[in-house]
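Descriptive analysis of the structure
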Amino acid sequence: NAKAPKGGLLSQAANGTFDNLNSMNGKGSAADGVNYLFDTLMDSSLDEPSVMYPLLAEKVTFDPVKTKFIIYHLNPKARFSNGKPVTSEDVKHTFEMFLTTSNPGLQMYLSDIDQIQALSKLDVKITFKSDNNTEMPLILSQMPIYSKDDWASKDFSRITMQPILGSGPYLIDRIDAG
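Residues numbered from 1 in each chain as written. Predicted model: local features only at pLDDT ≥ 70, side-chain atom pairs only at ≥ 80, totals over all residues. Heavy atoms only, no water.

Comments concerning the sheet that holds strand β6 (residues 123-128)
Reading across from one edge, β3-β4-β6-β5 is the order of the four strands in this open sheet, with antiparallel pairing throughout. Edge strands, defined here as strands with exactly one partner in the open sheet, are β3 (57-62) and β5 (113-118). Mean inter-strand twist for the sheet, computed between neighbouring axes without regard to direction, equals 15°. In this sheet, β6 lies alongside β5 in antiparallel orientation, the contact comprising five bridges. When the sheet's bridge partners are listed, A118 is paired in β6 with V124. Across the sheet, helix α1 (residues 88-101) lies against β4 (69-74), β5 and β6, angled at about 155° from β5, the strand it touches most. (Pairing = 2+ DSSP bridges. Helix = DSSP H or I, 4+ residues; strand = E, 2+ residues; numbered from the N terminus. Axes fitted to C-alpha atoms, helices over the stretch in contact; angles between N-to-C directions. Contact = heavy atoms within 4.5 Å.)

Laid out in structure tokens, this is it:
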């Protein structure tokens, strides 16, 4: 809802402790709720199995009969929490980080990705090694999207307690670890 009220505070508690705000690198103990910082390319419906609706993406292009690739056409209104636009370079950079510096389990999970191309500022094409991977577009659609600029000087593979710029509407204001 574009007219939804802005602002407010979300305060969460969790049992245990954490030492990492980057849940996708597989190191340390990720903070509960850090996933709220990110939007995904698409979102699933609670009452329609295997149905996805655009979120950061405006639409997608793929062959439903022989799924060799998917093209995400990003919504020009999609923004990171700092107001900067989400671009195809951000999506490309995100999946390249996942393939090279995330935890080995995630790297293996995404190993069918053959090529990632930024076709334009808002269009990104992901090609698969196999000729008919019907699950991979659904998997990729649900992954968080990171800012290329935010991670230019950071090591994605390291544990961090520095606030992360998200592609969703929330920001970390204060961290009380432990």
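Here the narrative resumes.
A closer look at the nonpolar core
Soluble, globular proteins show a tendency: their nonpolar side chains are buried together. Ranked by size, the top nonpolar core spans 38 residues in total, and within it L41 and F95 carry the most contacts. For this core, the elements supplying multiple residues, two or more each, are β4, α1, β5, β6 and α3 (136-141). Other than its neighbours up to four places away in sequence, F95 contacts L41, I116, I126, L140, M143 and I145. (Core = buried A, V, L, I, M, F, W, Y, C linked by side-chain atoms within 4.5 Å. Buried < 20%, exposed > 50% of the residue type's maximum accessible area, 1.4 Å probe, protein only.)

Re the environment of I145
As for its position among the elements, I145 is in the segment after α3. Measuring from C-alpha to C-alpha, the distance between I145 and L41 comes to 7.6 Å, with 104 residues separating the pair along the chain. Aside from chain neighbours lying at most four places away, what touches I145 is F38, D39, L41, L56, F80, V86, D90, V91, T94, F95 and S167.

A short note on the pairing of β6
Summarising the sheet, β4 and β6 pair through five bridges and their orientation is antiparallel. Paired with F69 across the bridge in β6 is T127. In textbook terms, the turn of a hairpin is the stretch between consecutive antiparallel strands, and for β5 and β6 this stretch comprises four residues.

Concerning the side chain of T127
Tracing the backbone shows T127 in strand β6. Under the relative-accessibility criterion, T127 is labelled buried at 12%. Once you skip the residues sitting within four places of it in the chain, T127 turns out to touch K68, F69, D112, I113, D114, Q115 and Q117.

Structural notes on the pattern of salt bridges
Applying the stated criterion across every chain, the model contains four salt bridges. For the salt bridge of D150 with K154, the shortest nitrogen-to-oxygen distance reads 3.2 Å. Owing to a relative accessible area of 19%, D150 belongs among the buried residues under this scheme. (Salt bridge = Lys/Arg side-chain N within 4 Å of Asp/Glu carboxyl O.)

Some remarks on the packing of aromatic side chains
Counting across every chain of the model gives seven aromatic pairs. Ring centres of F95 and F98 lie 5.8 Å apart, and the angle between their planes is 80°; on these two criteria the pair is classed as edge-to-face. You can see F95 and its partner F98 sitting in helix α1, three residues apart, about one turn around the helix. In this structure F98 comes out as buried when scored by relative accessible area, which is 0%. Between F98 and F156 the ring centres are 6.0 Å apart and the planes differ by 55°, which places this aromatic pair in the tilted class. Of this pair, F98 sits in helix α1 while F156 sits in the segment after α3; the two residues are 58 residues apart in sequence, bridging distant segments of the chain. A residue is classified by how much of its surface remains accessible, and F156, at 3% relative accessible area, is buried. Members of the aromatic cluster, connected to one another through ring pairs, are F38, F95, F98, Y146, W151 and F156. Lying across the ring of F69, K125 places its NZ or CZ 4.7 Å from the centre. (Phe/Tyr/Trp six-rings, centres within 6.5 Å; stacked < 30°, edge-to-face > 60°. Lys NZ or Arg CZ within 6 Å of the ring centre and 35° of its normal.)

In short, shape yes, function no, at least from these values alone.
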